[in-house]
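One-letter residues, chain by chain:
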Amino acid sequence: MPDPSLQAPPSILVAGRLLIDPERAPEPGWILVRDGRIEEIHSGDAPSEAPGLIVGGRDRLICPAFTDAHCHLPQFPVIGADGLGLLEWLERVVYPAEGSWGRGGALAGARRAVGAMAREGTAGFAAFLTSHAGPGADVLSWLEQDSPMRAIAGRVAMDRNAPDDLIASDRAGGDPDEPADRAGDPGTENRVRRSLNPRFAPACTGPLLEKLGRGAADRWVQTHLSESVEEVELVGALFPDAPSYTEVYDEFGLLTPRTLLAHCVHLTDREWAVVARRDSIAVHCPTANTFLRSGRFNLDKAREFGVRVALGSDVAAGADIAMPRVARAMIETAKHRAMGSTEPVSIPTPAQAWDMITRTNAQELGWSGSGVISRAAAADLLVLRPPESWFDEHLIGRLLYGWESGLIETRVFNGGIVRPDTI
Ligand SMILES: [Zn+2]
């Protein structure tokens, strides 16, 4: 049964101050949404009557919904398990949590995680599931058929250095034989895409990476790269012939323009050059890097090498589901680098950080028709009700630093009204 919250009305008129460009003040206007798309955009006061639903109002702020470029659906219940480094945290916190998906908790857990993201205004995400085949298939089917969100998702592939119940041979691997895209019309951007998700090189043998690499040409790949120093050293010991951690993935054909590389904190210049040459995407996860004390991502280095960058919550290493808080952490990470550096460090402005979690993240995840307010764009919109005092030249900074989900009055995802508690 499709979720009733997904039953889109024939049209929705969304009225308020339209935040079309975060570098400029929002202007009064209204948007007509039909068939999942923004059909019309007008300036000035909205008509008082319209055939479909009317949401918003003159004092509301209308902005694109957010996209999260990296998270783990099974880890939402274990946010906040502090005090451990990456490898110990995986063993003691994450693997037990992921094990619960093999004991009947997958679909309910995924729905709760997606509902939590929707509550914070996230309409699209790239996510890891667990390594369980059956439960993973159920979650992917639900995402494709009944969830209001855009998603790139796949079950974790790993075959070593993890508990037996997570690396059983029939579960490891990303099934390169599965269709890459199961939803959406051919030739259009698909709302849900099945990805290959090698967890990270320490949990994958060469043969597994080779198998996954054979399927990487026509689908998205998600993995982790160079998050902590300890992990980088472990990869050096496990793959002694590889010139670098990045080149382990490259050797197996896993670096493509549709590869999302979470973290990239400790890359050498040589590795940045490889990522740039393959046109893969570095996913900066600032809250997670602070939480696990992994290190500080170097945004300037990514820019220097021309590497595309997206922004991810990395729940549960990242404790914040809300993308405005992750955007704020990106600014804070750059400020911390600047305070400890004699070299010049560029610090993103609030408008640039806001652009990351809306337009840029959607574009880098292949949804270039989302994350923006423009004609024919996907209707993934938020109606916010900020205090009137926030409407000055610091509006975007106030949204980032004062964010709370209570600012959201209405969520329009994929052209329909979404109520997070019904997901
Ligand atoms: Zn992660």
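Fair warning: this is a prediction, and the values are worked out from it, not measured in the lab.

Visitor: Any chance you could explain the domain arrangement of the protein here in plain terms?
Guide: In many reports, interface size means the accessible area that the parts give up when they come together. Domain boundaries in the protein define domain 1 (4–65 + 371–422) and domain 2 (66–364). Each of domain 1 and domain 2 has a C-alpha centre, and these two points are 29 Å apart. Contact between domain 1 and domain 2 buries roughly 2400 Å² in total, counting both sides, with carbon and sulfur atoms accounting for 64%. Our count for the contact surface shared by domain 1 and domain 2 stands at 1 salt bridge. Here D380 and R150 are joined by a salt bridge, their closest N and O atoms 2.7 Å apart. Contributing elements (two or more residues each) for the side of domain 1 that touches domain 2: strand 4 (53–64), helix 13 (395–401) and strand 16 (408–413). Element by element, the count of residues in the side of domain 1 that touches domain 2 is highest for helix 13, at 5 residues. Class assignment of the residues belonging to the side of domain 1 that touches domain 2 gives a composition of 18 nonpolar, 5 polar and 5 charged.

Visitor: I tried to follow the layout of surface pockets on my own but got confused; where do I start?
Guide: By rolling a water-sized probe across the atoms, one finds the places where empty space is left. In this structure, the largest pocket spans a volume of roughly 230 Å³. If you go around the largest pocket, you meet 16 residues; those closest to its centre are D392, E393, H394, L395 and I396. Taken together, the elements giving at least two residues each to the lining of the largest pocket come down to helix 12 (350–364) and helix 13. Tallying contributions element by element places helix 13 first for the lining of the largest pocket, with 3 residues. Here the residues of the lining of the largest pocket sort into 9 nonpolar, 2 polar and 5 charged.

Visitor: What should I look at first to understand the pairing of strand 4 in this one?
Guide: Sheet faces and side chains relate simply in a regular strand, where the side chains alternate between the two faces. Two strands pair when backbone bridges link them, and strand 1 (residues 12–18) and strand 4 are joined in this way by 6 bridges, in the parallel orientation. Within strand 4, the position partnered with L18 by the bridge is I62. Alignment of strand 4 against strand 15 (residues 381–384), held across 4 bridges, turns out to be antiparallel. Bridge pairing in strand 15 links L61 to L384.

Visitor: Would you mind going over the sheet that holds strand 17 (residues 416–417) with me for this structure?
Guide: For sheets, the rule is that strands pair by backbone hydrogen bonds, running either parallel or antiparallel. In spatial order, the strands read 3-2-1-4-15-16-17; together these 7 strands make up an open sheet with mixed pairing. Every other strand in the sheet has two partners, leaving strand 3 (37–43) and strand 17 as the edge strands with one partner each. Bridge count between strand 2 (residues 27–34) and strand 3: 6 bridges; the pairing is antiparallel. Counted as the bridge partner of W30 is H42 from strand 3.

Visitor: Help me understand the pattern of salt bridges, please; the structure alone is not making it clear to me.
Guide: Pairing is possible between side chains of opposite charge, provided their charged atoms come close. This structure, assessed with the given rule, holds 22 salt bridges. Here E304 ties to K301 by a salt bridge, and the two come within 3.8 Å at their closest N and O atoms. Residue E304 and its partner K301 are both found in helix 10 (residues 299–304); the two are separated by 3 residues, about one turn of the helix. Judged by relative accessible area, E304 falls into the exposed class, the value being 55%. One salt bridge in this structure joins E364 and R308, with 2.8 Å as the shortest N-O distance. Of this pair, E364 sits in helix 12 while R308 sits in strand 14 (residues 308–311), and the two are 56 residues apart along the sequence. A relative accessible area of 9% places E364 in the buried class. Using a relative accessible area of 22% as the deciding quantity, one classes R308 as partly exposed. Residues joined in a network through salt bridges with shared partners are D59, R60, R385 and E409.

Visitor: What is the right way to look at the coordination of the zinc ion in this model?
Guide: Ideal values for angles at a metal depend on the geometry: 109.5 degrees with four tetrahedral donors, 90 or 180 degrees with six octahedral donors. On the protein side, the zinc ion has H70 (NE2), H72 (NE2), H224 (NE2) and D314 (OD) as donor atoms, found 2.1 to 2.3 Å from it. Considering all 4 donor atoms around the zinc ion, angles at the metal cover 88 to 169° and the coordination shape is irregular. Along the chain, the residues that donate to the zinc ion are spaced as H-x1-H-x151-H-x89-D. Pair noted here: H70 is in strand 5 (residues 66–72) and D314 is in the loop between strand 14 and helix 11 (323–339), with a separation of 244 residues, a long-range link. Its relative accessible area of 3% is what places D314 among the buried residues.

Conventions adopted
Residues numbered from 1 in each chain as written. Predicted model: local features only at pLDDT ≥ 70, side-chain atom pairs only at ≥ 80, totals over all residues. Heavy atoms only, no water. Domains from an automatic or database assignment. Buried area = accessible area lost by both parts, 1.4 Å probe. Salt bridge = Lys/Arg side-chain N within 4 Å of Asp/Glu carboxyl O. Helix = DSSP H or I, 4+ residues; strand = E, 2+ residues; numbered from the N terminus. Nonpolar A, V, L, I, M, F, W, Y, C, P; charged D, E, K, R; others polar. 1 Å grid on protein atoms, 1.4 Å probe; cavity = no way out; pocket = protein on both sides within 12 Å on 5 of 7 lines; lining within 4 Å. Points joined across faces, edges and corners; volume = space filled by probe spheres on them. Pairing = 2+ DSSP bridges. Buried < 20%, exposed > 50% of the residue type's maximum accessible area, 1.4 Å probe, protein only. Donors = N, O, S within 2.8 Å, 3.2 Å for Na, K, Ca; no water. Tetrahedral: all angles 85-135°; square planar, octahedral: opposite > 155°, others 65-115°.

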